[in-house]
Amino acid sequence: MLAMPEPDRAVLARRAEIIAALRKIAPGEGVIDGERERRAYECDALTAYRQTPMVVVLPETTAQVVEILRYCKANAIRVVPRGAGTSLSGGALPLADGVLLGMSKFNRIVEIDVADRCVVAQPGVTNLAISHAVQGHGLYYAPDPSSQIACSIGGNVAENSGGVHCLKYGLTTNNVIEVEFVTIDGEVIRLGGKHFDSGALDLLGVLVGSEGLLGVVTAVTVRVLPTPPGARALLIGFPSVRGAADCVAAVIGSGIIPGGMEIMDKLAIEAAEAFVHAGYPLGAEALLIVELDGCAAEVDHLVARVEKIAADHGAASCRASQSEQERLLFWAGRKAAFPAVGRLSPDYLCMDGTIPRKEIGAVLLRMKQLEAKYGLRVANVFHAGDGNLHPLILYDANKPGELERAERFGDDILRLCVEVGGVLTGEHGVGVEKRDLMDVMFDEIDLAQQQRLKCAFDEANLLNPGKVFPRLCRCAELGRMHVRGGALPHPDLPRF
Amino acid sequence: MTLHRPHDAREIAEIVRHAGAENHTLEIVAGGSKRAFGRPVRAAQQLNLSKLAGLVSYEPRELVLTARPGAPLADIDEALRAEGQMLAFEPPQWLNLLGGAGTPTLGGVLACNLSGPRRLRAGAARDFILGFSAVNGRGEMFKAGGKVVKNVTGFDLSKLMVGSFGALAILTEVTLKVAPRPETQCTLLLPGLSDAKAFDVMARALNTPHEISAAAHLPELSARRAHLAAEGPLTALRLEGPAPSVAYRAAETEKLFGGGVRLEAEASALFWREVAEVRALLPDGAPLVWRACPTPSRAAAIVAAVREKLPGAEAFYEWGGGLVWLSLDPAEAGPDCGAAVVRGALDGQGHATLVVAPETARASVEVFQPVEPALAALEARVKAGFDPLGLFNPGRMREGV
Ligand SMILES: Cc1cc2nc3c(=O)[nH]c(=O)nc-3n(C[C@H](O)[C@H](O)[C@H](O)COP(=O)(O)OP(=O)(O)OC[C@H]3O[C@@H](n4cnc5c(N)ncnc54)[C@H](O)[C@@H]3O)c2cc1C
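Calculation notes
- Residues numbered from 1 in each chain as written.
- Chains lettered and ligands numbered in written order.
- Predicted model: local features only at pLDDT ≥ 70, side-chain atom pairs only at ≥ 80, totals over all residues.
- Heavy atoms only, no water.
- Buried < 20%, exposed > 50% of the residue type's maximum accessible area, 1.4 Å probe, protein only.
- Helix = DSSP H or I, 4+ residues; strand = E, 2+ residues; numbered from the N terminus.
- Pairing = 2+ DSSP bridges.
- UniProt positions renumbered as here; feature names shortened; annotations may be inferred.
- Disulfide = S-S within 2.5 Å.
- Contact = heavy atoms within 4.5 Å.
- Buried area = accessible area lost by both parts, 1.4 Å probe.
- Salt bridge = Lys/Arg side-chain N within 4 Å of Asp/Glu carboxyl O.
- Axes fitted to C-alpha atoms, helices over the stretch in contact; angles between N-to-C directions.
- Domains from an automatic or database assignment.
- Polar contact = N/O pair within 3.5 Å; in protein donor to acceptor, adjacent residues only side chain to side chain.
- Nonpolar A, V, L, I, M, F, W, Y, C, P; charged D, E, K, R; others polar.

Under an unreviewed UniProt entry, the name given to chain B is Glycolate oxidase FAD binding subunit, and the source organism is Rhodoblastus acidophilus.

Looking at an unreviewed UniProt entry, one finds chain A named Glycolate oxidase and attributed to Rhodoblastus acidophilus.

Asks: For this particular structure, what's the right way to read the pairing of strand β8 (residues 176-182) of chain A?
Replies: Within a regular strand, the side chains alternate between the two sheet faces. Residue and element names in this part refer to chain A. With 7 of 7 residues buried, β8 is to be regarded as a mostly interior element. In this sheet, strand β9 (residues 188-192) lies alongside β8 in antiparallel orientation, the contact comprising 5 bridges. Residue pairing across strands places Val182 opposite Val188, the latter belonging to β9. In this structure, the hairpin formed by β8 and β9 is closed by a connection of 5 residues, where Gly186 is found at a positive phi of approximately 85°.

Asks: What exactly am I supposed to notice about the UniProt feature "domain: FAD-binding PCMH-type" (unreviewed entry) in chain A here?
Replies: The UniProt record marks residues 49-227 of chain A with the feature "domain: FAD-binding PCMH-type" (unreviewed entry), using the residue numbering of this structure. Spanning residues 49-227 of chain A, this segment combines 21% helix with 26% strand, and its end C-alpha atoms are found 39 Å apart.

Asks: I'm lost on the state of the cysteines in this one. Help?
Replies: Simply put, disulfide is the name for a covalent bond between the sulfur atoms of two cysteines. Residues and elements named next belong to chain A. Evaluated as defined, the whole model comprises 1 disulfide over all chains. Its sulfur unpaired, Cys166 is 13 Å from the next cysteine sulfur, which belongs to Cys151. Given a relative accessible area of 4%, Cys166 falls into the buried group. Not part of a disulfide, Cys247 finds its nearest cysteine sulfur in Cys318, a span of 8.4 Å.

Asks: Help me understand the interface of chain B and chain A in this model?
Replies: How big an interface is tends to be stated in terms of the accessible area lost upon association of its parts. Every contact between the two is made by 76 residues of chain B and, on the other side, 91 residues of chain A. For the chain B and chain A pair, buried surface summed over both sides reaches about 6,900 Å², with 59% attributable to carbon and sulfur atoms. Of all residues in chain B, the largest losses of buried area upon contact with chain A belong to Lys150, Val152 and Phe155 of chain B, amounting jointly to 14% of the total for that side. Where chain B packs against chain A, one counts 9 salt bridges. The shortest N-O distance in the salt bridge between Glu427 of chain A and Lys150 of chain B comes to 2.8 Å.

Asks: I'm lost on the sheet that holds strand β10 (residues 216-223) of chain A in this one. Help?
Replies: One key point about sheets: their strands pair by backbone hydrogen bonds, in either a parallel or an antiparallel sense. Residues and elements named next belong to chain A. Pairing within the open sheet is antiparallel, and its 5 strands lie in the order β5-β6-β10-β8-β9. Edge positions in the open sheet fall to β5 (109-113) and β9, since each of these has one partner strand only. Direction aside, neighbouring strands of the sheet carry axes that sit 10° apart on average. Pairing between strand β6 (residues 118-121) and β10: 4 bridges, direction antiparallel.

Asks: Could you clarify how one ought to interpret the pattern of salt bridges in this entry?
Replies: Opposite charge on two side chains makes pairing possible when the charged atoms of those side chains draw close. Counted under the stated rule, the structure contains 59 salt bridges over all chains. The residue Asp293 of chain A makes a salt bridge to Lys168 of chain A at a minimum N-O spacing of 2.6 Å. Here the residue Asp293 of chain A occupies a position in strand β14 (residues 286-294), and Lys168 of chain A occupies one in helix α7 (residues 166-169), the gap between them amounting to 125 residues. Residue Asp293 of chain A is classed as buried on the basis of its relative accessible area of 6%. Linking Glu140 of chain B and Arg452 of chain A is a salt bridge whose minimum nitrogen-to-oxygen distance equals 3.8 Å.

Asks: Just checking my understanding: could you explain the domain arrangement of chain A for this structure?
Replies: Residue and element names in this part refer to chain A. Partitioning chain A into domains gives domain 1 (9-102), domain 2 (109-226), domain 3 (231-339) and domain 4 (345-436). The straight-line distance from the C-alpha centre of domain 3 to that of domain 4 is 23 Å. A buried area of about 1,500 Å², summed over both sides, lies between domain 3 and domain 4, and 67% of it is on carbon and sulfur atoms. Together, Ile263, Leu267 and Phe338 form the three largest contributors to the area buried by domain 3 at its contact with domain 4, with a combined 38%. Taken together, the links from domain 3 to domain 4 amount to 5 residue pairs in polar contact (both at pLDDT 80 or more). Among the elements of the structure, α9 (241-253), β13 (260-265), α10 (266-276) and α13 (337-342) are those that each provide at least two residues to the side of domain 3 that touches domain 4. Residue composition of the side of domain 3 that touches domain 4, grouped by class: 11 nonpolar, no polar and 4 charged.

What follows is the structure, encoded as structure tokens:
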């Protein structure tokens, strides 16, 4: 189990006084201090980690967020922002001595600007609600995490979330054009706008994906796009995962960027088919789903090209959707893959490394060997187009030692991703889950540079501490110029 | 002035540590073609990155390219072209605009976050950087991001590097996401539209699903100067993609907005190159040029507001109105080069950069859009986190950064 920062006893001792002060800022139901009620917030979707927060505060206005953060700063109280709590990396895991700042009451769409194709939303609005709000204008919001009916746009900003369509349309960071956020000092800062780019440092670029460590997001403006007139999906069965992976590389190599390109392995195919009966080829070792969107002239042209490439790469079966209904059916299995795999096993861990696509075959082979080593099964469902793997490690938390074994297995997979030139996380974030693996990818100087950015925003390290970085930032020391000849700045700092 | 020409990151780190110890500042230069862009830098020494050139690796099927910052853009372009790929943000060539000196490099384009006509649809330079290595102001070599197309591990420092004008760290290697070159393109030219009508057409066209990849409006004077030498205003919409798709979308777009002239393939590419290069479309030798990025739907109103105070102002529009190139008459503009008028017209919604002006003017006028005090203080703290002694490109963006 990962350790979290030691709770501050002085803060805990003042709990009643702190709650009273927060009640003055967010009256009525805005402050939740009952034991049972607080427990509803004890974890996000990384359920293996739980901690009841000292108190939950649900502000309704930016002015309240300002006052809460000013108060917390003045009283050295830690703050953990939370959206919908669907993070898979424990980003919203509370602290025993911390305020859990829930943004769920920020649930309004503020403005729909059709002429400039953007939507201004409060951070608690769900991802899908944005697309729904502009649907009537023939527009939609492109990044589509599978959790889109539940996850908040503020959480998407914090995690830089992706989805099936981000190969072609980009991640959250490529689709957010403005953010209003409050610093831990209680300053309200706006970055970006409805215009393109800025004449200043791209702080919007770092705020997106900062996992709640730099500021509390209170408004988000996203670019929305005209809805493609049509789309078709191809369901392609392969006798080997390598064949499917080579086909993916060939499609991209031929100059086609599909709207989505996903691979499922045998275990995932079987689980999904048993769950939703989407007509998946049960004999196949790998299933490739390719979606092409655009006008019919383009889609039909590209479907034919992809069919040819698939045949050239040894596809055992290939079906192209002939109707919108059939296209949705093809996707139904993929979309239900996580719950379907969930039926095979009481618990699973969802990993999220990205690798160069050419390594997919080799990495999946190594994963098979690791399955034998750890005695646990893995189902693979992944965004093949961008090499973003989602191995699901099946385990049973009720069996002693299995969670730990699954975690060590997961760590090995992520190390493997880095070893072949990839990264620890493609879209779920570091959070607490991958925090202690950061050293695998970055050296001490790399991490110190990132922490100095944290210090520029939050010198006292009160916003979401214990996440992302394997060691707490000590801003005063990081700011000093005492590094000589590339020597490590703090070999002596204690780890969690 | 001492001139350093390091060959690798290690040498750069040494030069920086030395500069820190001796307390002298450094101007960071790659090809030198953007030296006239931004506020003039007064530094004790120059650090030239032109020896840090060349591709490090390029894997077309991964859509990933790693190169060193001194690599000439032309070389990168050639390598990509050979594989049927491109930089999707379409880096514009500003040699003529900025006076013709130097060689545009990859590092320079990234440091200035310059994007061309396709920015409208595909995103800016900042949207395509995946990772980098650099030397910070402490003389430490560090890296951030990765070499795969999708990554959220740690803070996204890569985006921060793009558009930082060398004020934070010296890039030593960058990894970019590249894209397939569209099979073909065509441009619909709609002649004779008034500014108001043109904006309406562009906004409506961009709201269709026809995937317009560039939209510009050249009022009469600009259109006359273009190599097409049109007689009146030109509104241009570009479509790219597989041939059958482009043919269909072009026909559909024409149904909506009326048939004009079609520029096919090469002719279309040539037209947009000229738009991206800017200079030819402005008055001959225009001495004061602003680049404003307003809320697109307000572009025409903003130019009208500028003209009311500065009647000699002339403009043309890219990015469907999201980019306005403004040429001002220096006599009318006065000592601030028109900054107060242009920025007043933007009214806090957007930003304006003084791209062309005499060096003395660029030293005294805020070249980049000033920011609110809280943000300025934050920027200064961020700068100090990278370059605590203020060694790199002092004052290039603004004082304190
Ligand atoms: C079934 C399932 C499927 C998923 N599929 C995908 C997928 O396809 N792609 C993908 O990328 N992710 C996916 N996720 C992960 C998750 O949904 C995303 O990370 C999402 O963006 C989290 O949003 P949230 O509102 O739930 O944030 P939370 O979980 O509440 O918080 C996430 C992080 O954001 C911070 N945060 C939240 N709101 C704010 C704010 N207003 N200001 C500052 N910081 C804030 C928190 O501190 C925390 O660090 C999936 C999760 C589940 C459970």
